[in-house]
Amino acid sequence: MTDQRGSHALRSRAKGVPGVRAVVSYRRGWLVKDLVAGVVLTTLLVPQGMAYAELAGLPAITGLYTSILCLLGYAVCGPSRVLVLGPDSSLGPMIAATVLPLVAADGDPGRAVALASVLALMVAAIMILASVAKLGFIADLISKPTMIGYMNGLALTILIGQLPKLLGFKVEADNLIGECVGLVRRLADGAAVPAAAAVGGCGIVLVLVLHRFLPKVPAVLVMVVLAIAATTVLDLGEHGVDLVGELPAGFPPFTVPDVRLADLAPLFGGALGIALVSLADTISNASAFAARSGQEVRGNQEMTGVGVANLAAGLFQGFPVSASGSRTAVAERAGARSQLTGVVGAALIVLMLVLVPGLFRNLPQPALAAVVITASLSLADIPGAVRLWRQRRTEFALCLAAFVGVALLGVPAGIAVAVALSVLNVFRRAWWPYNTVLGRVRGLEGYHDVRSYPAAGRLPGLVIYRFDAPLIFANAKTFRDEVGRLAGADPRPSWIVIAAEPMTDVDTTAADVLEPVRLRRRRGRGVSPGRADRPAGAPGPAAFRTSPARPGRRARLPATAGGTRRGRGGVPRPPRAAAPPHGRRGRSRRTGSGRTAGRRAPCGAGSPRRRG
């Protein structure tokens, strides 16, 4: 009996693994589609894997090792049926910025590979621990405006960094400005190789044209095949064009990376940024493709899948990976139905390395630069930045700041700037929330923002004020000052109604800040609280009636409605008062009693009521 229970528990746990669950629920009708999609996907995995490895400052073969292991790892533990992981253009500059400063001046490739593998293992540990702690919401730390600015800065960084390789020479620089200066100087010195520039330029044009007019054709594969053919026919190697050369044969070796203890701290800092970008990219891609197929996105399981993929890559001379929207879209269009597509792609890459390792020996390096540059163009979102400029200038400023942070400070610092700006923007909205006056718009029901509708009419003697945030310690003084400013406007209103629906909370600090206003009412500063009706079930607005101030003193208004009577917990209760102009007193639609919504609103204080 005990053995039966143990085996049953083991089977239950096994079914909880996404890969096992996918095998159990697999349909025979998917097999042919997955095989075809795997073949199509491989045509994109090989050139992009090699190109993104070069982008990260690593040997091209490591891109293929990474592609193989991350596909297999995600197939076992990844919850999405069609998401494709692999080397990514958005992570390449971050990996290079983290690893290359730690490599000796001679640029030892073996040490660079070991550092990149440790970086992948760190990303894996961060992802898996975050999944256990259910921290999938961390991906929301990067807002859309800051992500647009970050990606635009990243696209510019990649473009400038790959141009020397496209033109056949190298530039040694630590930042974008240094790369721009070095690029101009080398061009002025005549360092460009005409044959390399021709191969790279034609490759970019070919990929962009095919993407535009023949999107179903594997543009990258066509360009790579034509570049290899041109190298063979025209002997481009003899004309100064750098070639990929022979790749190591065989399956990627299992390797435990060996690095110095002093390298772990800077690697961990880079791993945090890479994990955040990878998580945000994976969740966004998984959500987009899950919406098409009707799947449910499981953020914590996605973190586990990405973590296992990075773990597998790090143990086989790989580097950090992320989800790829372009490769996932190719697999989906080719008919992929499950992660068998990625397994087929990994198997084909292994067969290529075992049987024909010299297949890409004549591939020009400028062709790989063309692959990276076209990928960087897809990262940029210029229309998104223009839309932010037209719709909300403050969010455009965040976008621009993130862009400048990446361009001037570098990719790791840029991601820190992007996260910091997103968090500060949240605090800014809490400290200085949007507030406005409402008015009537002809042809529209209700009251609307006078900033959005400048022609909105206001009722004589009445101001309807809306404060779009909970009332907390950070914004209580702002609210009090704004209401006081409205009360002292010229002409002075007779009534001020607070549209309190957005004010979902009032904390104790805010209540204490408003307490002095209640005391002013007792001293007779010229403000009288009232109340206003509301629809059933809706938060009630707070109404205030103003009266003439004492000579030489400005009229003051309490921050919230009500009188001075105290209810439970010392919270003031408003007295009965006449409704504001054009309001109506009567029975509540919800309760049928004579009590109105104003009685439920939190209370401050004002001056004793006076009859106008």
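Look a little higher up for the structure.
Given the structure is predicted, the values throughout are model-derived calculations rather than measurements.

Definitions and cut-offs
- Residues numbered from 1 in each chain as written.
- Predicted model: local features only at pLDDT ≥ 70, side-chain atom pairs only at ≥ 80, totals over all residues.
- Heavy atoms only, no water.
- Salt bridge = Lys/Arg side-chain N within 4 Å of Asp/Glu carboxyl O.
- Helix = DSSP H or I, 4+ residues; strand = E, 2+ residues; numbered from the N terminus.
- Buried < 20%, exposed > 50% of the residue type's maximum accessible area, 1.4 Å probe, protein only.
- Contact = heavy atoms within 4.5 Å.
- Axes fitted to C-alpha atoms, helices over the stretch in contact; angles between N-to-C directions.
- Parallel < 35°, antiparallel > 145°, perpendicular 65-115°, else oblique.
- Left-handed = near helix turned anticlockwise from the far one by under 90°.
- Nonpolar A, V, L, I, M, F, W, Y, C, P; charged D, E, K, R; others polar.
- Phe/Tyr/Trp six-rings, centres within 6.5 Å; stacked < 30°, edge-to-face > 60°.
- Lys NZ or Arg CZ within 6 Å of the ring centre and 35° of its normal.
- 1 Å grid on protein atoms, 1.4 Å probe; cavity = no way out; pocket = protein on both sides within 12 Å on 5 of 7 lines; lining within 4 Å.
- Points joined across faces, edges and corners; volume = space filled by probe spheres on them.
- Core = buried A, V, L, I, M, F, W, Y, C linked by side-chain atoms within 4.5 Å.
- Pairing = 2+ DSSP bridges.

### Some details on the pattern of salt bridges
Evaluated as defined, the whole model comprises six salt bridges. Between Glu-54 and Lys-165 there is a salt bridge, with its nearest N and O atoms 3.5 Å apart. Linking Glu-54 in helix H3 (residues 31-55) with Lys-165 in helix H7 (residues 144-167), this pair joins segments that are 111 residues apart in sequence. For Lys-165, a relative accessible area of 18% puts it in the buried group. A salt bridge links Asp-468 to Arg-466; the shortest N-O distance between them is 2.7 Å. Overall, Asp-468 belongs to the partly exposed group, its relative accessible area being 29%.

### A word on the environment of Val-224
Note that Val-224 resides in helix H10 (residues 219-234). Once you skip the residues sitting within four places of it in the chain, Val-224 turns out to touch Pro-47, Phe-360 and Leu-363.

### Some words on the packing of H3 against helix H14 (residues 340-355)
The geometry of H3 relative to H14 is characterised by a closest axis approach of 7 Å and an angle of 50° between their N-to-C directions. Taken together, the axes of H3 and H14 lie oblique to each other. Viewed along their axes, H3 and H14 form a crossing whose handedness is right-handed. Between H3 and H14, the residues in contact are Leu-31, Asp-34, Leu-35, Ala-37, Gly-38, Val-39, Leu-41, Thr-42, Leu-45 and Val-46 and Leu-340, Thr-341, Gly-342, Val-344, Gly-345, Leu-348, Ile-349 and Met-352, respectively. The residue inventory of the contact of H3 with H14, partitioned by class, reads twelve nonpolar, five polar and one charged.

### Notes on the packing of aromatic side chains
One pass over the structure, following the stated rule, counts eight aromatic pairs. Where Phe-467 meets Phe-479, the ring centres are 5.1 Å apart and the plane angle is 75°; that geometry is what we call edge-to-face. Linking Phe-467 in strand E5 (residues 462-467) with Phe-479 in helix H19 (residues 476-487), this pair joins segments that are twelve residues apart in sequence. Exposure class is identical for Phe-467 and Phe-479. Each is buried. Among the aromatic residues, ring-to-ring pairing joins Phe-251, Phe-254 and Phe-316 into one connected group. Seen from the ring of Phe-213, Arg-212 lies directly overhead, with NZ or CZ sitting 5.3 Å from the centre.

### As for the layout of surface pockets
Looking at the largest pocket, its volume works out to about 1700 Å³. Around the largest pocket sit 46 residues that line it, and Gly-57, Ala-96, Leu-100, Val-171 and Glu-172 are the ones nearest its centre. Elements with a contribution of two residues or more to the lining of the largest pocket: H3, helix H5 (92-99), helix H6 (109-132), H7, helix H8 (176-188), helix H15 (365-379), helix H17 (393-409) and helix H18 (411-431). Of the residues assigned to the lining of the largest pocket, the class counts are 29 nonpolar, nine polar and eight charged. Approximately 1300 Å³ is the volume found for the second largest pocket. Lining the second largest pocket we find 48 residues, and of these Asn-285, Ser-324, Gly-325, Ser-326 and Ser-378 sit closest to its centre. Put simply, the parts of the chain that give the lining of the second largest pocket at least two residues each are H3, H7, helix H9 (194-213), H10, helix H11 (264-293), helix H13 (325-333) and H15. Looking at side-chain class alone, the lining of the second largest pocket contains 27 nonpolar, 13 polar and eight charged residues.

### Some thoughts on the nonpolar core
Core analysis: the biggest nonpolar cluster contains 100 residues, and Met-50, Leu-64, Leu-85, Tyr-150, Leu-353 and Leu-363 have the highest contact counts within it. Residues within four places of Met-50 in sequence aside, it is in contact with Ala-60, Leu-64, Val-244, Leu-247, Phe-360, Leu-363 and Leu-368. Of all hydrophobic cores here, the second largest spans 20 residues; its members include Val-441, Ala-456, Ile-498 and Ala-510.

### Notes on the packing of H7 against H15
Orientation of H7 relative to H15, taken along the N-to-C sense of each, is 165°, at an axis distance of 9 Å. By the angle class used here, H7 and H15 are roughly antiparallel. The way H7 lies across H15 gives a crossing that is left-handed. In this structure, H7 uses Met-151, Asn-152, Leu-154, Ala-155, Ile-158, Leu-159, Gln-162, Leu-163, Lys-165 and Leu-166 to contact H15, whose residues at the interface are Gln-365, Pro-366, Leu-368, Ala-369, Ala-370, Val-372, Ile-373, Ser-376 and Leu-379.

### Examining the pairing of E5
Of all six residues making up E5, five are buried, and the element is well covered by its neighbours. Bridge count between strand E3 (residues 435-440) and E5: four bridges; the pairing is antiparallel. Across the sheet, Val-437 pairs through a bridge with Tyr-465, a residue of E5. Alignment of E5 against strand E6 (residues 495-499), held across five bridges, turns out to be parallel. Within the sheet, the bridge partner assigned to Tyr-465 lies in E6 and is Ile-498.

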